[in-house]
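Fold and geometry: a report
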Amino acid sequence: MNVKTAVFGWAPPRVGALGNELLIGLTLAIVVLPQAIAFSTTLAGLPSYFGLYCAIWGVLFTALLNPSRVFHGGPNSTLSAVVGVTLLPVAPQFGPDYIGYALTLFLLAGLIQLVFLAVRPLGRMLDFVSEPVANGMICGIGLYMIFKSFPAFAGLPINTQVEWRLWIAWQSFLAVLEIGNLHAIHIGLITLLVTLVTRQFTALRNWAILLGIVAGTLYSEWLNARLGLAATLVEQTANVSAAGFVYPSVPLFTQEAMPDIISIIPGAVTLALLGLFQTVAAMRRMNRRSGQFVDARHGIFADALSNCVLPFISALPTCASFNRMSLMHAMNTGSRLAAVSSALFLLALVSFFGEFIAIIPVPAMAAIIMVVGANMIDWSDIRAHFQHRPEAIVFSASFLSVHLFGLFGAVICGSLLALAYAKWEKAHPNVSLEHNVLRIRGNIYYGSLPVIESLYHRASTDAHIDELVVDFSAVHHIDPEGIRWLAEVGKNGKVRFIDRRSGLDRRAASGESPPDRKRRDRKRRDRRRRRTL
Amino acid sequence: MKRRAPGWRKATRLGLLVGVLLALYALAVAKHDERARIREQPVALTPGCADKLTRYGLAAGATYVSPYALARTGRANVRRGYSEEDVRAIQRGCNIIDDLQGQLAADPARERWNATRFVRGTHTSCDHCHQGIGDKQTADGVPQTGSLSLAASWVMADMYDQFTGILLPYELRQMQCYINSSNGFKPNIADDLIRDVTAYSRFLAAALDLRFGVRYPEQGIDEVTASSTLKRGDDYVRGGALFREKCARCHGPQGLGTVVDGKVRFPAVAGPNAFNLQSRNNFSFVSTILPGFICRNMPLGEEGSLSNQDCRDVAFYVSNLPRPAGDKQGPLAALWQQLMMRVMPPLIRSIESWQRPGETVGNGT
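All residue numbers refer to positions counted from 1 along the written sequence of the respective chain. Whichever chain is written first becomes A and whichever ligand is written first becomes 1, with later ones labelled in order. Local features in a predicted model are, by the rule used here, given only for residues with pLDDT of at least 70; side-chain atom pairs are given and counted only at 80 or more, and totals for whole chains, interfaces and linings are based on all residues. Excluded from the side-chain calculations are hydrogens and water; all other atoms, namely the structure's heavy atoms, are used.

**Some details on the overall build of chain B**
The line we're drawing: Here a helix means four or more residues in a row that DSSP labels H or I, a strand means two or more in a row labelled E, and each is numbered from the N terminus. Think of it in three bands: with a 1.4 Å probe and only protein chains considered, a residue is buried below 20% of the maximum accessible area for its type, exposed above 50%, and partly exposed in between. By definition in these notes, contact holds between two residues if any of their heavy atoms fall within 4.5 Å.
The helix and strand tally for chain B stands at 13 helices and four strands. A buried classification covers 48% of the 365 residues belonging to chain B. By sequence separation, contacts in chain B at least 24 residues apart represent 68% of the contacts at least 6 residues apart.

Listed below in structure tokens is the structure:
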């Protein structure tokens, strides 16, 4: 990968397209704003400036470091949820310790991503986190997000002490029904309904979240004007204008914190893996759609470098976002200028209109999180997985293990099952006996040998078969143990091997001399090469 | 049948979603109304609570004068009084402390509609640790040292956790009680359960005339073991012997507690109904709170008969008895602990009866 092309290789913008790029940038900035605040406060349990800085600096860094037109990082719901799940058992949310641990977690994740960048085979490993595994996890996290936002939706204080479990989520749902603040529930419901209804119109789909937030905020303002904040008790988002450009910060690495830091390492691995996986998957999808091919390693490069820098300026970790990239693609982005300008627009918005952002009520944010969480559960994907039993098992296992063993457990559990399935498939080659021909289609290796051997044994001891022909034309891999077995089989006088790809059987029959054969082979090869050229 | 346009499917789905949301909203409104109705109704007090609250002169009114403070100091300390609603909250809080499981109250479905939901097992009550319904007093009416008094806990809430250095609000500290000590589920911090118990603790502090920022011996139990938190001399075997000698007659030889007619006489200190491993893993609990509690309050009726070293040994032994895993430890640990708790007691019993065939070994419950 060439760093120079990554940083300086700008796709030439079309003539007169500058206005369009800036418009896309403004749209992106407005769309990402409520998401950034909601992800950092409701999901990650961090102050709102974490999400905003990620939406500003994360987007800027990743857009500058990646040559793709539509690619950019930014705050991500899944990653924010992972932060919340990992840090809940370690420290009370929103406290100074929590922030310190969060920064440490982000830095660790960034360093792990750097390792993925430096060691090439590790980057290849990402392909082994198969789609059902990732989808299972993402659906699990979507459910987590919906449940997690119930208390905030109902204006209740968010529980900050114990790790999240399905049962506790159910308890908090019951609590919402019984003791929730009805004013907050009204605001949340209005936001939710406006968002849901607007999403149904294609033209408004990308603006739905923004319109929902606006509706919820207007209702809460009206409510506060009529009853007063003391009566409604609806929490509002913090004023972000005072935070300014950058809030410099240092990750926590003290001796007392070491046991806790060690305990969050699995979380850091999950964060790094999930971030990279989403980036790589999003880039793959965008490559297919846009016709531009950008190596996924550019994405890993941009993510890893940004995530190592972002903890020092109080920002959430960044990774690609499917919905924002689709939005850019749909709006026909011509260059990276759109992403860069979106970061700058957001910076201006936060700096000059911070006090307007501050009046957004927390229940409206929670409603947005619910919509985002529900979006992560993609029924068409789930239906596709359930058409194939092994995939369905892998999907369900990783979905359930998010709730049973946590996110790291889900990665391990799902990946192991996916690998086991791949191995299992390979261990069952298609072996058939037709008359005296034993055909093997698949792999000959230590795992599949028992299956092959049983049929071979039956055929070789059959008295009706005088000559057993073993056809391994469709074998694509033989391991040393397979070779030893073949050598053993070759000693049996009854057995003849054929491999139709090499033409070995035909040659044995024809009386052609070796030099002639060599010449003809070369001719055929040349002809084939000409055809491909 | 006529095929509908594809837009219809979308509309149906959206309608269904909105319908479910509105149904949930209607359910929430109904539940809110029910809760408001219940909170309006008079509270049926347990006998212990009725006695205690009368003694402290709890009544609705513009002012409140504590009979306790008046009797001790001779001066009427006039405070702002309690409204009808406050009084009901305090009464409910007292009921929750007296019997968390709702076994004594007149109408458990109504009084405890918000309490039992958060408790696992059937033996725990707040009163087992916070003795005397949160305020244990000696024969001459003085609050007993080290009885984990809720009144003192309330005024000392912000200096509670001196070992971890974390300042826990009283409400969060209570949530830990539900999660660990009653091995239960986590209530929301704004739940009525928490608010009622807080109201009761606050009332006790006012009635006993305790002040913020002062350390009180009835809550503090750390002086028993403050000098020896290293646990150097703690002896498990000696603790076991002491447990069988002093504690087993109430708590059972295996610490499973004593239950008569479904009512808990003596709480379990081990087994499925005891506090969970999460509290044991809390260093300050094992090194300080448990030995301190034992020294101040055990054995019942002979308080103070154990030496500090005895208390530490017994606490060391008790804290290592099998008990349920907490939510934090995960489902596998929970499963393993459950298995151990079900399998080990009968095994130990059979081995003991095989070693000493003459003796009859109690089953512990």
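**Description of the overall build of chain A**
Just so we agree on the cut-off: Only the protein chains shown count as cover for residues, with accessible areas throughout obtained via the Shrake-Rupley method and a probe of 1.4 Å.
A tally of regular secondary structure across chain A gives 25 helices and four strands. Burial status across chain A gives 54% buried among its 533 residues. Expressed as a percentage of contacts within chain A between residues at least 6 apart in sequence, the contacts between residues at least 24 apart total 80%. Counting every atom, chain A has about 23900 Å² of accessible surface; 64% of that belongs to carbon and sulfur.

**Quick look at a nonpolar patch on the surface**
Using the following cut-off: Like-charged residues are merged into a patch within 9 Å and nonpolar side chains (Val, Leu, Ile, Met, Phe, Trp, Tyr) within 5 Å, provided each residue has over 30% relative accessible area and no salt bridge. In what follows, salt bridge is the name for a side-chain nitrogen of Lys or Arg lying within 4 Å of a carboxyl oxygen of Asp or Glu.
Residues Trp-336, Leu-339, Val-343, Leu-347, Ile-351 and Trp-354 of chain B make up a contiguous nonpolar surface patch of about 660 Å² in total accessible area. Relative to the assigned elements, Ile-351 of chain B resides in helix α13 (residues 331-355).

**Digging into the state of the cysteines**
Residues and elements named next belong to chain B. To be explicit about the condition: Cysteine sulfur atoms are paired as a disulfide whenever they come within 2.5 Å of each other.
With the rule as written, the count across this model stands at two disulfides over all chains. Covalent S-S linkage joins Cys-49 and Cys-94, the inter-sulfur distance amounting to 2.2 Å. Between Cys-49 and Cys-94, the disulfide has an S-S torsion of -100° and is therefore left-handed. Taken together, the residues span a long stretch of sequence, with Cys-49 in helix α2 (residues 47-55) and Cys-94 in helix α4 (residues 84-98) at a distance of 45 residues. One disulfide bridge connects Cys-295 with Cys-311, the sulfur atoms lying 2.1 Å from each other. Judged by the torsion about the S-S bond (105°), the Cys-295/Cys-311 disulfide is right-handed.

**Some remarks on the confidence of the model for chain B**
All names here are of chain B. Our working definition: Confidence scores here are pLDDT values: one per residue, from the predictor, ranging 0 to 100.
Across chain B, the average pLDDT comes to 81, with 85% of residues at 70 or higher. Per-element averaging of pLDDT across chain B places helix α5 (residues 108-111) at the bottom with 64 and helix α8 (residues 192-207) at the top with 91. Counted against residues more than four places away or in other chains, residues 361-365, with its pLDDT under 50, gives 13 contacts.

**Notes on the nonpolar core**
Note the threshold: By convention a nonpolar core is built from buried Ala, Val, Leu, Ile, Met, Phe, Trp, Tyr and Cys residues, the set being connected through side-chain atoms within 4.5 Å.
Ranked by internal contacts, the top residues of the largest apolar core, which has 97 residues, are Leu-46, Phe-106 and Met-145 of chain A. If one sorts the elements of this core by residue count, helix α3 (residues 48-65) of chain A sits on top with 12 residues. Counting 44 residues, the second largest nonpolar core, distinct from the first, contains Tyr-68, Tyr-178, Val-197 and Leu-210 of chain B.

**Section: the sheet that holds strand β2 (residues 437-444) of chain A**
Residue and element names in this part refer to chain A. The cut-off we apply is this: By this definition, two strands are paired if DSSP reports at least two bridges between them. Simply put, an axis is a line fit to the C-alpha atoms, just over the touching stretch for a helix, and the angle between two N-to-C directions goes from 0 to 180 degrees.
Pairing is mixed in the open sheet, where four strands are placed in the order β1-β2-β3-β4. On the outer flanks of this sheet lie β1 (430-434) and β4 (495-498), each paired with one strand and no other. Adjacent strand axes in the sheet meet at a mean angle of 20° when their direction is disregarded. Note: strand β3 (residues 468-478) against β4, four bridges, orientation parallel. Bridging from a neighbouring strand, Leu-468 pairs with Val-495 of β4.

**What to know about the interface of chain A and chain B**
Inclusion rule: Any pair of N or O atoms that falls within 3.5 Å is considered a polar contact. Within protein, one atom must be able to donate a hydrogen and the other to accept it, and sequence-neighbouring residues count only if both atoms are side-chain atoms. When residue character is reported, Ala, Val, Leu, Ile, Met, Phe, Trp, Tyr, Cys and Pro are called nonpolar, Asp, Glu, Lys and Arg charged, and the others, Gly included, polar.
On the side of chain B, 34 residues touch chain A, which itself brings 31 residues to the contact. Where chain A touches chain B, the interface holds one salt bridge. For the interface between chain A and chain B, the tally reads four residue pairs in polar contact (both at pLDDT 80 or more). Sort the elements by how many residues they give to the side of chain A that touches chain B and helix α9 (residues 166-179) of chain A lands first, with 10 residues. Taken together, the residues of the side of chain A that touches chain B sort by class into 21 nonpolar, seven polar and three charged.

**A look at the packing of helix α14 (residues 265-290) of chain A against helix α15 (residues 296-309) of chain A**
Residues and elements named next belong to chain A. As a reminder, the rule being used: The hand of a helix crossing depends on one turn: near helix anticlockwise from the far one by less than a right angle means left-handed, and clockwise means right-handed.
With their axes 9 Å apart at the nearest point, α14 and α15 run at an angle of 140° to one another. Here α14 runs over α15; the crossing is right-handed. Residues Gly-275, Leu-276, Thr-279, Val-280 and Met-283 of α14 lie in contact with α15, whose contacting residues are Ala-296, Gly-299, Ile-300 and Asp-303. Its residues assigned to classes, the contact of α14 with α15 shows five nonpolar, three polar and one charged.

**Considering unusual backbone geometry**
A cis geometry characterises the amide bond from Met-298 of chain B onward to Pro-299 of chain B, with omega recorded as -15°. As for its position among the elements, Pro-299 of chain B is in the loop between α11 (283-297) and α12 (308-319). Of note, the phi angle at Ser-314 of chain A is positive, near 55°, even though the residue is not glycine. Mapped onto the elements of the fold, Ser-314 of chain A is located in the loop between α15 and α16 (322-330). What makes Ser-314 of chain A buried here is its relative accessible area of 2%. Positive phi, close to 50°, is recorded for Ile-133 of chain B, a residue that is not glycine. Tracing the backbone through its elements, the reader meets Ile-133 of chain B in the loop between α5 and α6 (150-155). The class of Ile-133 of chain B is buried, set by a relative accessible area of 9%.

**Re the environment of Glu-235 of chain A**
All names here are of chain A. Secondary-structure assignment places Glu-235 in the loop between α12 (229-232) and α13 (258-263). Glu-235 sits in the exposed class, given a relative accessible area of 55%. Along the backbone, Glu-235 and Pro-361 are 126 residues apart, and their C-alpha atoms lie at a distance of 5.9 Å. Leaving out residues up to four positions away in the same chain, Glu-235 has contacts with Pro-361, Val-362 and Pro-363.

**With respect to the pairing of β1 of chain A**
Looking along a regular strand, one sees side chains alternate from face to face of the sheet. Note that β1 of chain A and β2 of chain A share five bridges and pair antiparallel. Across the sheet, the residue bridging to Asn-430 of chain A is Arg-441 of chain A, located in β2 of chain A.

**Structural notes on helix α19 (residues 362-376) of chain A**
Residues lying three or four places apart along an α-helix face the same way, a consequence of the helix completing one turn every 3.6 residues. Using the following cut-off: Take the residue count of a helix, subtract one, and multiply by 1.5 Å to get its expected span.
Its 15 residues give α19 of chain A an end-to-end C-alpha distance of 21 Å, which sits within 8% of 21 Å, the value for a rise of 1.5 Å per residue. Counting buried residues along α19 of chain A, 13 of its 15 residues qualify, which places the element largely inside the surrounding structure.

**Thoughts on the pattern of salt bridges**
It is possible for side chains bearing opposite charge to pair when their charged atoms get close. Residues and elements named next belong to chain B. Inspection of the entire model under this criterion finds 17 salt bridges over all chains. A salt bridge links Arg-92 to Asp-196; the shortest N-O distance between them is 3.1 Å. Of this pair, Arg-92 sits in helix α4 while Asp-196 sits in helix α8, placing them 104 residues apart in sequence. Relative accessible area serves as the criterion here: at 0%, Asp-196 is assigned to the buried category. Residues Asp-209 and Arg-211 are paired through a salt bridge, measuring 3.1 Å at the closest nitrogen-oxygen approach. Owing to a relative accessible area of 44%, Arg-211 belongs among the partly exposed residues under this scheme.

**Structural notes on the packing of helix α2 (residues 18-43) of chain A against α3 of chain A**
All names here are of chain A. Threshold: Roughly parallel here means an angle under 35 degrees, roughly antiparallel means over 145, roughly perpendicular means 65 to 115, and every remaining angle is called oblique.
Packing of α2 against α3 leaves a shortest axis separation of 7 Å and a crossing angle of 135°. When the interaxial angle is binned, α2 and α3 end up oblique. In the crossing of α2 with α3, the sense of the turn from one axis to the other is right-handed. Across the interface between the two elements, Val-32, Leu-33, Ala-36, Ile-37, Ser-40 and Thr-41 from α2 touch Ser-48, Phe-50, Gly-51, Leu-52 and Ala-55 from α3.

**Notes on the confidence of the model for chain A**
Summarising the model, chain A shows a mean pLDDT of 80, and 87% of its residues fall at 70 or more. Mean pLDDT in chain A bottoms out at helix α1 (residues 3-8) of chain A, which sits at 53, and peaks at helix α10 (residues 182-199) of chain A, which reaches 92.

**Describing the packing of aromatic side chains**
Test applied: Between rings of Phe, Tyr and Trp, where Trp is taken as its six-membered ring, a pair exists when centres lie within 6.5 Å; planes separated by under 30 degrees are stacked, by over 60 edge-to-face, and by other angles tilted. Working rule: Lys NZ or Arg CZ, within 6 Å of ring centre, within 35 degrees of ring normal, means a charge sits over the ring.
Under the counting rule described, the total for this entry stands at 18 aromatic pairs over all chains. Centroid distance Phe-395 of chain A to Phe-399 of chain A: 6.4 Å. Interplanar angle 10°. Geometry classified as stacked. Linking Phe-395 of chain A with Phe-399 of chain A, this pair stays in helix α21 (residues 389-426), spanning four residues, or about one helical turn. A residue is classified by how much of its surface remains accessible, and Phe-395 of chain A, at 5% relative accessible area, is buried. Their ring planes at 85° and their centres at 5.6 Å tell us that Tyr-456 of chain A and Trp-485 of chain A sit as a pair that is edge-to-face. A residue pair is termed long-range when its members are at least 10 positions apart, and Tyr-456 of chain A in helix α22 (residues 449-460) and Trp-485 of chain A in helix α23 (residues 480-490) qualify at 29 residues. Classification of Tyr-456 of chain A as buried rests on a relative accessible area of 11%. The structure contains a cluster of three or more aromatic residues connected by ring pairs, namely Tyr-56, Tyr-64, Tyr-68, Tyr-82 and Phe-203 of chain B. Positioned above the aromatic ring of Tyr-56 of chain B is the side chain of Arg-55 of chain B, whose terminal nitrogen or guanidinium carbon lies 5.7 Å from the ring centre. The ring of Phe-275 of chain B has Arg-323 of chain B lying over it, and the distance from NZ or CZ to the ring centre is 4.0 Å.

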